[in-house]
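Chain by chain, the residues:
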Amino acid sequence: MNVQIAESSTSQSIEPDTATLVRSRLRRIVLTGFMGAGKSTVGRLLADRLGWEFLDLDSLIEARTGLPVPSIFAEHGESHFRKLESQALASALGRKNIVLALGGGTPEILTNRLLLEQTPATATVFLDAPFPTLYDRCMMQALNPTSTARPNLADATAAEARFLARQPIYRRLAHHTIDTSNLSTEEAAGAVLTRLSLPAKRKP
Ligand code: S3P
């Protein structure tokens, strides 16, 4: 791309590299992927390294409703949760300099995909891994008493069917896909920064 800079009576043409243009314009990084992909953990690390704000969509829904996600599912059903999720997403995308971790099912909803695709200066990154790896990670997390239950993981066979149905949706939506199967969360955060040509403000 050509950028003209007027200098008194002369004009000078400079050619900034694509990475510089991307870096200077990017205002939001959105992490997507199935449950257990590491969206929240990697997102927090990324936000910290960039000096940006971290937002977790599930936490935002919980803060807005005053209810934990499993209670919303149990008391009002998944379709109501999805409506709340779309509202929270629209609100989150109004912010700048944020790293946003989506819920695993957020991209299933067309409205959400349109919101993500139409928000400028926004890079969507798919954190990918095979289903058994993701399932095992979720089972490990479930051992932690502070972790939130995942209603859509209760039935492993149904969860795998969801995983398979969502894979093409995650792929189509994302600007970048990172295979995290053999990466630590620190390495995954570094891989996102590298892929987006973003310099970290803070070292890991
Ligand atoms: C869901 C994933 C969860 C949460 C809800 C539904 C899903 O988020 O939004 O339990 O349908 O995949 P995480 O992906 O952060 O676990």
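Residues numbered from 1 in each chain as written. Predicted model: local features only at pLDDT ≥ 70, side-chain atom pairs only at ≥ 80, totals over all residues. Heavy atoms only, no water.

Caption draft 1: Seen up close, the site of the ligand. Near the ligand, the surroundings consist of 14 residues, among which Lys39, Asp58, Arg150, Asn152 and Arg166 are the closest. Arg82 places a side-chain nitrogen or oxygen 2.8 Å from an oxygen atom of the ligand. Here an oxygen atom of the ligand and a backbone polar atom of Gly104 are 2.8 Å apart. Residue composition of the shell around the ligand, by class: five nonpolar, four polar and five charged. (Near = heavy atom within 4 Å. Polar contact = N/O pair within 3.5 Å; in protein donor to acceptor, adjacent residues only side chain to side chain. Nonpolar A, V, L, I, M, F, W, Y, C, P; charged D, E, K, R; others polar.)

Caption draft 2: Broad picture of the pattern of salt bridges. Throughout the structure, instances matching the rule amount to seven salt bridges. Measuring nitrogen to oxygen at the nearest pair gives 3.7 Å for the salt bridge that ties Arg171 to Asp128. Of the two residues, Arg171 is situated in helix α8 (residues 156–173) and Asp128 in strand β6 (residues 122–128); the sequence distance between them amounts to 43 residues. Overall, Arg171 belongs to the partly exposed group, its relative accessible area being 46%. Each of Glu78, Arg82, Glu85 and Arg162 takes part in one network of salt bridges that share partners. (Salt bridge = Lys/Arg side-chain N within 4 Å of Asp/Glu carboxyl O. Helix = DSSP H or I, 4+ residues; strand = E, 2+ residues; numbered from the N terminus. Buried < 20%, exposed > 50% of the residue type's maximum accessible area, 1.4 Å probe, protein only.)

Caption draft 3: Representation of the packing of aromatic side chains within the structure. Under the definition given, this model contains six aromatic pairs. Through successive ring pairs, a cluster of aromatic residues spans Phe34, Phe131, Tyr135 and Phe163. (Phe/Tyr/Trp six-rings, centres within 6.5 Å; stacked < 30°, edge-to-face > 60°.)

Caption draft 4: A look at the sheet that holds strand β7 (residues 176–179). Taking strand neighbours across the sheet as the criterion, the five strands line up as β4-β5-β3-β6-β7 in an open arrangement whose pairing is parallel. Edge strands, defined here as strands with exactly one partner in the open sheet, are β4 (53–56) and β7. Here the average twist between neighbouring strands, direction ignored, is 20°. Relative to strand β5 (residues 98–101), β4 runs parallel, the two being bridged by four bridges. Residue Leu55 lies in a different strand from β5, and its bridge partner there is Leu100. (Pairing = 2+ DSSP bridges. Axes fitted to C-alpha atoms, helices over the stretch in contact; angles between N-to-C directions.)

Caption draft 5: Just the side chain of Asp56, in detail. Assignment of secondary structure puts Asp56 in strand β4. One buried charged side chain, Asp56, makes no salt bridge at all; its nearest oppositely charged neighbour is Arg44, positioned 5.4 Å away. At 2.6 Å, the side chain of Asp56 forms a polar contact with the side chain of Ser40. Excluding residues that lie within four positions of it along the chain, Asp56 makes contacts with Ser40 and Ala101. (Lys, Arg positive; Asp, Glu negative; His and termini not counted. Contact = heavy atoms within 4.5 Å.)

Caption draft 6: Just the confidence of the model for the protein, in detail. Within the protein, residue pLDDT values average 90, and 88% of them lie at 70 or more. Residue range residues 1–13 is modelled with pLDDT below 50. Its contacts to residues more than four positions away, or to other chains, number 19 contacts. (pLDDT = per-residue confidence, 0-100.)

Caption draft 7: Region of interest: helix α5 (residues 78–92). Relative to the 21 Å expected for 15 residues at 1.5 Å per residue, α5 spans 20 Å between its end C-alpha atoms, a close match to the ideal helical length. The set of residues buried in α5 consists of Phe81, Arg82, Leu84, Glu85, Ser86, Ala88, Leu89 and Ala92. Considering only its buried residues, α5 is in contact with β4, α3 (57–65), α4 (69–76), β5, α6 (110–118) and α8. (Expected span 1.5 Å × (residues − 1).)

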